[in-house]
Amino acid sequence: MERASTVIVADAAAVARDGAERFLRLAAEAIDARGIFAVALAGGHTPEAMNALLASAAYREKLDWSRVRFFFGDERTVPPEHPDSNYGMTRRTLFAPLAIPEAHVHRMRGEDAPHDAAAAYERVLADELGTPARFDLVLLGMGPDGHTASLFPGTLATIPANALVAATWVEKFAIHRLTLTPRAIDAARTIVVQTAGAEKAEALARALASTGDDETTPIRAIRPTDGSLTFVVDEAAAARL
């Protein structure tokens, strides 16, 4: 994969710490340069641990949270109260502890009809970020199958070329997911992929190989147009690099 750098840390806890520190640094830079920090968040265990750090006494006072605007990279097609909701997890671990105003959080509406929800989120991006929409930071994870956000193997070809948000049909779960598309992610100033665990090692090796297939390893489709891409991984995930 071209234009990607890799940072290897000890374990999953170190991946979360790196994420929290990187978040604060990039937020401060964006606020200083443009007044607002626009970030697209991910779901999963590492983001949950990162959120807990950001909301902790050691971190929370280091940032003017009123200047942060929160978006999501993907969402399950469930209501926000559902235990699988990325928004729900983030609300519990970050938004509520930091008393983030609802007006500063732009969630994907997983409870709505999937294609309608995707179209509505495209409008949110245009309204909040302008055209073309550009995030300061997109945080991503990676699954053992090489998926990122809700871009699963076999879904890329179904996404319209100019779409920023899509409702992908994920055959392995027999359900739609809402997701930012590679087009939306690639426009970000900074993209950070956080992943940990030995079960990710094979997929990470495929992701970072000089050649490969996007449809079978969708994270390979992330290619920044005018920004940076960094993989922050633990030693177990990096075992096959």
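Nothing here was measured: the structure is a model prediction, and the numbers come from that model.

Brief notes about the side chain of Glu 75
Within the secondary structure, Glu 75 sits in strand 4 (residues 74–76). Notably, Glu 75 is buried but unbridged: the nearest opposite-charge side chain belongs to Arg 76, and the N-O separation is 5.6 Å. Looking at Glu 75, its side chain comes within polar contact range of the main-chain nitrogen of Tyr 87, at 2.9 Å.

Brief notes about the packing of helix 1 (residues 12–34) against helix 2 (residues 45–54)
For the pair helix 1 and helix 2, interaxial distance at closest approach is 8 Å and the crossing angle is 55°. Taken together, the axis directions place helix 1 and helix 2 in an arrangement best described as oblique. Along this stretch, helix 1 crosses helix 2, giving a crossing that reads as right-handed. Across the interface between the two elements, Val 15, Ala 16, Arg 17, Gly 19, Ala 20, Phe 23 and Leu 24 from helix 1 touch Thr 46, Ala 49, Met 50, Leu 53 and Leu 54 from helix 2. Looking at the contact of helix 1 with helix 2, its residues break down into 9 nonpolar, 2 polar and 1 charged.

A few points about the sheet that holds strand 5 (residues 137–140)
Taken in spatial order, the 6 strands make up an open sheet running 1-9-8-5-2-3, and their pairing is parallel. Edge positions in the sheet fall to strand 1 (4–9) and strand 3 (68–72), since each has one partner strand and no second. The mean inter-strand angle of the sheet, taken between neighbouring strand axes irrespective of direction, is 20°. Taken together, the 2 bridges between strand 2 (residues 37–41) and strand 5 define a ladder with parallel strand orientation. Paired with Ala 40 across the two strands is Val 138, which belongs to strand 5. Contacts from helix 7 (residues 201–208) reach strand 1 and strand 9 (228–234), with the element oriented near 155° to strand 9.

Examining the environment of Thr 217
Among the structural elements, Thr 217 can be located in the loop between helix 7 and strand 9. With 37 residues separating them in the primary sequence, Thr 217 and Leu 180 have C-alpha atoms 16 Å apart. Those residues in contact with Thr 217, other than ones at most four positions away along the chain, are Gly 146, Ala 203, Arg 206 and Ala 207. At a separation of 2.9 Å, a polar atom in the side chain of Thr 217 contacts the side chain of Arg 206.

Some points on the packing of aromatic side chains
As enumerated under the stated definition, the model contains 9 aromatic pairs in all. Judged by centre distance (6.2 Å) and plane angle (40°), the rings of Tyr 87 and Phe 95 are tilted. Like Phe 95, Tyr 87 is buried. An aromatic cluster of three or more residues is present, and its members are Phe 23, Phe 37, Trp 65, Phe 70, Phe 72, Tyr 87 and Phe 95. Cation over ring: Lys 62 sits above Tyr 59, and NZ or CZ is 5.2 Å from the ring centre.

Cut-offs applied
- Residues numbered from 1 in each chain as written.
- Predicted model: local features only at pLDDT ≥ 70, side-chain atom pairs only at ≥ 80, totals over all residues.
- Heavy atoms only, no water.
- Helix = DSSP H or I, 4+ residues; strand = E, 2+ residues; numbered from the N terminus.
- Buried < 20%, exposed > 50% of the residue type's maximum accessible area, 1.4 Å probe, protein only.
- Lys, Arg positive; Asp, Glu negative; His and termini not counted.
- Salt bridge = Lys/Arg side-chain N within 4 Å of Asp/Glu carboxyl O.
- Polar contact = N/O pair within 3.5 Å; in protein donor to acceptor, adjacent residues only side chain to side chain.
- Axes fitted to C-alpha atoms, helices over the stretch in contact; angles between N-to-C directions.
- Parallel < 35°, antiparallel > 145°, perpendicular 65-115°, else oblique.
- Left-handed = near helix turned anticlockwise from the far one by under 90°.
- Contact = heavy atoms within 4.5 Å.
- Nonpolar A, V, L, I, M, F, W, Y, C, P; charged D, E, K, R; others polar.
- Pairing = 2+ DSSP bridges.
- Phe/Tyr/Trp six-rings, centres within 6.5 Å; stacked < 30°, edge-to-face > 60°.
- Lys NZ or Arg CZ within 6 Å of the ring centre and 35° of its normal.

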